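# Geometric and topological summary
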Amino acid sequence: MCGIVGYVGNKNAVDVMHGGLLKLEYRGYDSAGISYFDKAKICTRKSAGTVENLFDHIEKNLCSNIAIGHTRWATHGKANDQNSHPHVSEKGKVSLVHNGIIENYLDLKNEFLSGTQLKSETDTEVVANVLEKILIETNDKIIAISKLVKLLKGSYALAILFDDDDKNIYFTKNISPLMIGSSENGNYISSDILGFCEEATKYLEVKNLQIGKISAKNIEIFDKNGKKIDFLLKFFSKNQNSSDKEGYPHFMLKEINEVPKVIKNACNLYLTELANLIDFDQKNNISNFEVSPFLKFKNGYFDNIKKIKLIACGTSYHASKVGELLFKSIGYDANSEIASEFIYSPQVFSRDTLCIFISQSGETADTLTAINIAKKHKLKTIGITNVETSTITKLCDYILPLVCGAEIAVASTKAYNFVYYKCLQHT
Ligand code: GLU
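Right, let's walk through the structure included here. Numbering of residues starts from 1 in every chain and runs along the sequence as written. It should be noted that, the model being predicted, local features are given only for residues of pLDDT at least 70 and side-chain atom pairs only at 80 or more, the latter also being counted only at that level, while totals for whole chains, interfaces and linings use all residues. Values reported for side chains reflect all heavy atoms of the structure, with hydrogen atoms and water molecules removed beforehand.

### Details of the packing of helix 3 (residues 105-112) against helix 4 (residues 123-138)
For every element, the axis is a line fit to its C-alpha atoms; helices are fit only across the contacting stretch, and the angle between N-to-C directions ranges from 0 to 180 degrees. Only runs of H or I of at least four residues qualify as helices and only runs of E of at least two qualify as strands under DSSP, and these elements are numbered from the N terminus. For the pair helix 3 and helix 4, interaxial distance at closest approach is 10 Å and the crossing angle is 40°. Viewed along their axes, helix 3 and helix 4 adopt a mutual orientation that is oblique. Our pair here, helix 3 against helix 4, has a crossing hand that is left-handed. Only D123, V126, V130 and K133 of helix 4 make contact with helix 3, whose side of the interface consists of Y105, L108, K109 and F112. Residue polarity is assigned by list, with Asp, Glu, Lys and Arg as charged and Ala, Val, Leu, Ile, Met, Phe, Trp, Tyr, Cys and Pro as nonpolar; anything else, Gly included, falls into the polar class. Of the residues assigned to the contact of helix 3 with helix 4, the class counts are five nonpolar, no polar and three charged. Working rule for angles: under 35 degrees goes down as roughly parallel, over 145 as roughly antiparallel, 65 to 115 as roughly perpendicular, anything else as oblique. Should the near helix be turned anticlockwise from the far one by less than a right angle, the crossing is left-handed, and should it be turned clockwise, the crossing is right-handed. Any pair of residues with heavy atoms lying within 4.5 Å of one another is described as a contacting pair.

Below is the structure:
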């Protein structure tokens, strides 16, 4: 999952894009690009390679109060300049950046764009051009986006500039994460809190199929039919959006060195509090957890659970193998599965199954798809994640936060740490 950032306000938006895109580099990317307004015209700069490479080739004195930016992880077409985002529509009315995959882009291309000369191989350029076509018919930006949303199948977070509006960034999303950040100096849009560069003091998580626009002073949200809706901005908790190396040369080194502290915090949160409430000697049954004021599981949630499936990818999958052993050691029928295997293999689900999903970022695409499958079969779902604002927290019945603090390093430093807590020695 790559990155989106956008800003409108009284700072130089080109500089904000530079800072924001650097913050999103940790998500992995192959290209970068920005669109901004210069003398009431949209200008676009983009190239394959690093964010620094892009900004090395941009004049140093560029100035704008509004811009959108993107780091791409190619899914449709090579990682080259042409396929980089933003994508500008044929008549130049629309410039947009996209995170995700439009599954029906070929159908849309055939239906709407037979006479359009596309410049890239991406699904995203199709979206930009379909939106332009609808806009020409409707002449209303929010209505045009609402019609677009009804056509798109797949995952997307879109940040959009229109050539006749240099005051607003428009947006919509489905599945891919998108957040709005608000600060004294203007409003931000990003796929990740870190894209706000610690400037935003309040935020809003955009919900699937919502549409909206931000200007320097205003945020407006609409439902998928274009009807204006109310919303509440949340305040950031301290350090929630910070990403400081704290003197270490790399985030990875910093995060490895945080491991003892983080384990202590997690133990304090889960075990000290729970140990006071649970008599492990009497009964080693997870239904005891429902008495915890911290976890707040609703009464009876764990009744009749006979099987436990742990589902994850990569290092989180390895962590789930340990979980499998622990659940087996207290008498549960448990197994762990790689999310990408789970979603494609034929499964027989029984309703006495609890599914536990582990994703450090809470955005692992296959794990999110697996949660949706489990929910479709009405299974109980618990997520273990480090990111309170992530998609996994919105999908699962309950979340167990990992309380590790911001994790920027791509290599996993915390998901696979194992503490052999004394309660298990009693089993
Ligand atoms: N599907 C789009 C592309 O290939 C967006 C990929 C992304 O999320 O970076 O360009």
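We are not done yet, so read on.
### A look at the nonpolar core
By convention a nonpolar core is built from buried Ala, Val, Leu, Ile, Met, Phe, Trp, Tyr and Cys residues, the set being connected through side-chain atoms within 4.5 Å. The rule is simple: take the accessible area with a 1.4 Å probe, protein chains only, and divide by the maximum for that residue type; under 20% is buried, over 50% is exposed, in between is partly exposed. Judged by nonpolar contacts, the single largest core of 27 residues is most densely connected at L131 and I160. Breaking this core down by element, the ones donating at least two residues are strand 6 (94-102), helix 3, helix 4, helix 5 (141-151) and strand 7 (154-162). Discounting chain neighbours no more than four positions away, the residues touching L131 are V94, L96, A144, I145, L148, I160 and F162. Counting residues in each nonpolar core, the second largest holds 24 residues, with A32, F55, I58 and A200 among its members.

### Focus on the layout of surface pockets
Of the volumes computed, that of the second largest pocket is approximately 370 Å³. Lining the second largest pocket are 20 residues, and of these E205, V206, K207, N208 and K394 sit closest to its centre. Counting residues per element, the ones that place at least two in the lining of the second largest pocket are strand 11 (202-205), helix 10 (365-376) and helix 11 (391-395). Across the lining of the second largest pocket, the residue classes break down as 10 nonpolar, four polar and six charged. The distinction between a cavity and a pocket rests on a 1 Å grid over the protein atoms alone: a 1.4 Å probe fits inside a cavity but cannot get out, while a pocket stays open yet meets protein on both sides within 12 Å along at least five of seven lines, and a residue with an atom within 4 Å of a point counts as lining. Grid points are joined across faces, edges and corners, and a volume is the space filled by probe spheres set on the points.

### Regarding the packing of aromatic side chains
When two rings of Phe, Tyr or Trp (its six-membered ring) have centres within 6.5 Å they constitute a pair, described as stacked for plane angles under 30 degrees, edge-to-face for angles over 60, and tilted for the intermediate range. Taken as a whole, this structure holds seven aromatic pairs when the rule is applied. With a centroid separation of 4.8 Å and 50° between ring planes, the pair formed by Y7 and Y188 is classed as tilted. Note that Y7 is positioned in strand 1 (residues 3-9) and Y188 in strand 10 (residues 186-190), a separation of 181 residues in sequence. Judged by its relative accessible area of 1%, Y188 is buried.

### Things to note about the site of the ligand
Only a single heavy atom is needed: when it lies within 4 Å of a molecule or strand, its residue is near that molecule or strand. Residues in contact with the ligand amount to 14 residues; listed here are only the nearest, C2, R72, T75, H85 and D123. Within 3.5 Å is the distance limit for a polar contact, defined as a pair of N or O atoms, with the added protein rule that one can donate a hydrogen and the other accept it, and that residues adjacent in sequence qualify only through two side-chain atoms. W73 has a polar backbone atom sitting 2.9 Å from an oxygen atom of the ligand. At 2.9 Å, a backbone N or O of G100 approaches a nitrogen atom of the ligand. Taking 290 Å² as the accessible area of the ligand by itself, protein coverage stands at 98%. At the level of elements, strand 4 (66-72), strand 6 and helix 4 are the ones that each hand at least two residues to the shell around the ligand. For the shell around the ligand, the element with the most residues is strand 6, which contributes three residues. Classifying every residue of the shell around the ligand gives three nonpolar, nine polar and two charged. Surface exposure here means Shrake-Rupley accessible area, sampled with a 1.4 Å probe, where a residue is shielded only by the protein chains that are shown.

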